Amino acid sequence: MEEPPVREEEEEEGDGNDLGPEGALGKSPSQLTTEDVYDISYVMGRELMALGSDPRVTQLQFKIVRVLEMLETLVSEGSLEAEELRLERDSLRKEVQALRNRGPVATSEVSLGSNKMVVDLTDPNRPRFTLQELRDVLQERNKLKAQLLVAQEELQCYKSGLIPPRETPGGRREKDTLVTRTSNASSNKEEKTIIKKLFFFRSGKQT
Amino acid sequence: MKSTLRPLRPPVSRDRIIASFPKWYTPDACLQLKELFHGQVSSACERRDTGTVGLRLSKVVVVGDLYVGKTSLIHRFCKNVFDRDYKATIGVDFEIERFEIAGVPYSLQIWDTAGQEKFKCIASAYYRGAQAIITAFDLSDVQTLEHTRQWLEDALRENEPGSSIIFLVGTKKDLLSGAACAQAETEAVRLANEMQAEFWAVSAKTGENVQALFSRVAALAFEHSVLQELERRSSARPQVGDAGLIRMEGCPSEAQETERPTSLRCC
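Bear in mind that the values here come from a model prediction, so they are computed numbers and not experimental data.

A. Structural view of the pattern of salt bridges. A full pass over the atoms with the stated rule returns 25 salt bridges over all chains. When the shortest N-O distance is used, the salt bridge between Arg16(B) and Glu97(B) registers 2.6 Å. A residue pair is termed long-range when its members are at least 10 positions apart, and Arg16(B) in the loop between helix H1 (2–5) and strand E1 (17–18) and Glu97(B) in strand E3 (residues 92–101) qualify at 81 residues. Each member of the pair, Arg16(B) as well as Glu97(B), carries the same accessibility label: buried. Between Lys79(B) and Glu95(B) there is a salt bridge whose closest N-O contact spans 3.5 Å. Highlighted residues: Lys79(B) in helix H3 (residues 70–79) and Glu95(B) in strand E3, separated in sequence by 16 residues. With relative accessibility at 44%, the residue Lys79(B) sits in the partly exposed group. Residue classification places Glu95(B) among the buried positions, given a relative accessible area of 9%. Because the salt bridges share partners, they merge into one network encompassing Arg141(A), Lys145(A), Lys79(B), Asp93(B) and Glu95(B).

B. Fine view of a negative patch on the surface. Residue and element names in this part refer to chain A. Side chains of Glu77, Glu81, Glu84 and Glu88 sit close together on the surface and give a patch of like negative charge. Structurally, the position occupied by Glu77 is in helix H3 (residues 55–102). Owing to a relative accessible area of 45%, Glu77 belongs among the partly exposed residues under this scheme.

C. A look at the UniProt feature "coiled-coil region" (unreviewed entry) in chain A. Mapped onto the present numbering, the UniProt feature "coiled-coil region" (unreviewed entry) falls at residues 75–102 of chain A. As annotated, residues 75–102 of chain A has a helix share of 100% and a strand share of 0%, and its two end C-alpha atoms lie 41 Å apart.

D. Seen up close, the nonpolar core. All names here are of chain B. One finds Ile133, Phe137, Leu139, Leu168 and Phe199 to be the most contacted residues of the largest nonpolar core, which totals 38 residues. Sorting elements by how many residues they give to this core places helix H6 (residues 178–195) first, with seven residues. With near-sequence residues (within four places) excluded, Leu139 lies in contact with Gly170, Thr171, Lys173, Leu176, Ala184, Glu185, Phe199 and Ala201. The next biggest cluster of nonpolar side chains, apart from the first, holds 37 residues, and it includes Val53, Leu213, Val217 and Leu230.

E. Focus on the packing of H3(B) against helix H7 (residues 210–235) of chain B. All names here are of chain B. Running from N to C, H3 and H7 point in directions that differ by 85°, and their axes come no closer than 9 Å. Classified by the angle between their axes, H3 and H7 sit roughly perpendicular to one another. The residues of H7 that touch H3, namely those facing Leu73, Ile74, Arg76 and Phe77, are Val210, Gln211, Leu213 and Phe214. Across the contact of H3 with H7, the residue classes break down as six nonpolar, one polar and one charged.

F. The sheet that holds strand E2 (residues 57–64) of chain B, seen in detail. On the basis of which strands lie adjacent, the open sheet formed by seven strands has the order E1-E3-E4-E2-E5-E6-E7 (chain B) and mixed pairing. The open sheet has two free edges, formed respectively by E1 and strand E7 (198–201) of chain B, since each of these has just one partner strand. Bridge count for E1(B) against E3(B) is two bridges, and the pairing is parallel. Pairing of Ile17(B) across the sheet is with Glu100(B), part of E3(B). Strands in contact with helix H5 (residues 131–160) of chain A are E3 and strand E4 (104–113) of chain B; relative to E3(B), the strand with the most contacts, it is inclined by about 30°.

G. Layout of a nonpolar patch on the surface. Residues and elements named next belong to chain A. On the surface, a cluster of nonpolar side chains totalling about 330 Å² of accessible area is made up of Met117, Val119 and Leu121. Of note, Met117 is situated in the loop between helix H4 (105–108) and H5. For Met117, a relative accessible area of 61% corresponds to the exposed category.

Reading guide: rules and limits
- Residues numbered from 1 in each chain as written.
- Chains lettered and ligands numbered in written order.
- Predicted model: local features only at pLDDT ≥ 70, side-chain atom pairs only at ≥ 80, totals over all residues.
- Heavy atoms only, no water.
- Salt bridge = Lys/Arg side-chain N within 4 Å of Asp/Glu carboxyl O.
- Helix = DSSP H or I, 4+ residues; strand = E, 2+ residues; numbered from the N terminus.
- Buried < 20%, exposed > 50% of the residue type's maximum accessible area, 1.4 Å probe, protein only.
- Patch = residues over 30% accessible without salt bridge, like charges linked within 9 Å, V, L, I, M, F, W, Y side chains within 5 Å.
- Areas by Shrake-Rupley, 256 points an atom, 1.4 Å probe, with all protein chains shown as cover.
- Lys, Arg positive; Asp, Glu negative; His and termini not counted.
- Charge placed at Lys NZ, Arg CZ, Asp CG, Glu CD.
- UniProt positions renumbered as here; feature names shortened; annotations may be inferred.
- Core = buried A, V, L, I, M, F, W, Y, C linked by side-chain atoms within 4.5 Å.
- Contact = heavy atoms within 4.5 Å.
- Axes fitted to C-alpha atoms, helices over the stretch in contact; angles between N-to-C directions.
- Parallel < 35°, antiparallel > 145°, perpendicular 65-115°, else oblique.
- Nonpolar A, V, L, I, M, F, W, Y, C, P; charged D, E, K, R; others polar.
- Pairing = 2+ DSSP bridges.

Here's what the structure looks like:
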């Protein structure tokens, strides 16, 4: 978008030459070159000469020369400035492109204090939980693990027949009593009721 | 008789039954040289008069640098496995091991702590009330031995002076040749004496000395607990003594049920 006008400018300059010195007067002021100013000077000088050697014309001629000199200065300074700006624009454009290519890395280069940390919010593994949350989770895990171990032991007791099952269907009962040692049978029954009592006591207390 | 005392417990596996006092690893750095249980302790055990010792969970904490093999050591003992892959422990973990020492049931709750610095603030909250402190280091890495001083200091800070027995355990024994191992052990023995700790060299990979170490830990912690219990009872006979005993024999499962949750909550 910015490039084509430069070419147009050059083309118009070419056109100006083709149109002859008068063409310069038809140009847009922002597109005038020093060459155009000289062309204008030539045209005006020629026309002043045609007016003859009237002293008022001579006086006017000085003023016109001065104005043309001012115009020349403005145009040449303007074109220099335009050239400088164009160069600067190009280098900035390159810089922006380079920064864009480096992508998100550029943002983490922001300098921070030594006790600060930059977190990439797009990283699925970014730190996001607090110490207290981790503590709570660990505590709960430990509690559950302890309960699991107790339950596993209890299960093992039932499996090995140390504690007879609470309710056994008629068919299985015989088998279970065979597994359970008869000498322990009465004490086991007693234990079962204590456990039962405790169980009800505890569950009643909780609710 | 045993089954009436612990109705909810399956029998202790054979390798957890400690009848005679387990031996030290080296006489140069051990907590005691006796080969028998303390007289008072064995007679209390015979009378089944060990109070609540058998009903409580005794706490063991394992501390030390990351990657020395604390988790591997515990897993070898509790599960008899060795995992070659390293997985850092997050915060803390624990295992419970049941023993029968001199005929008395005894349980150890073994706390596995994270070695990574970032978890120290979490793990240190679990040091309190440790009957035994195991400071672990890598026999092949002298730096980790030096760091045990700091680990022990941190663990002791959370405990009453003299209330915990201390072990200094060198791991990865399998990685060292005979001569290198002897050299590392000499340095460790020196530090163990300074720490008033008992020294052991083990390998979780081969299992060398692992069972022996924990049997020793259990026996010493048990004896320590029973002696403390007896001492406490003699100094405060009216409150503790008989009441505790009657409750235990008359209503065993109640005593157990009320005792267990409190000890589990200690963490």
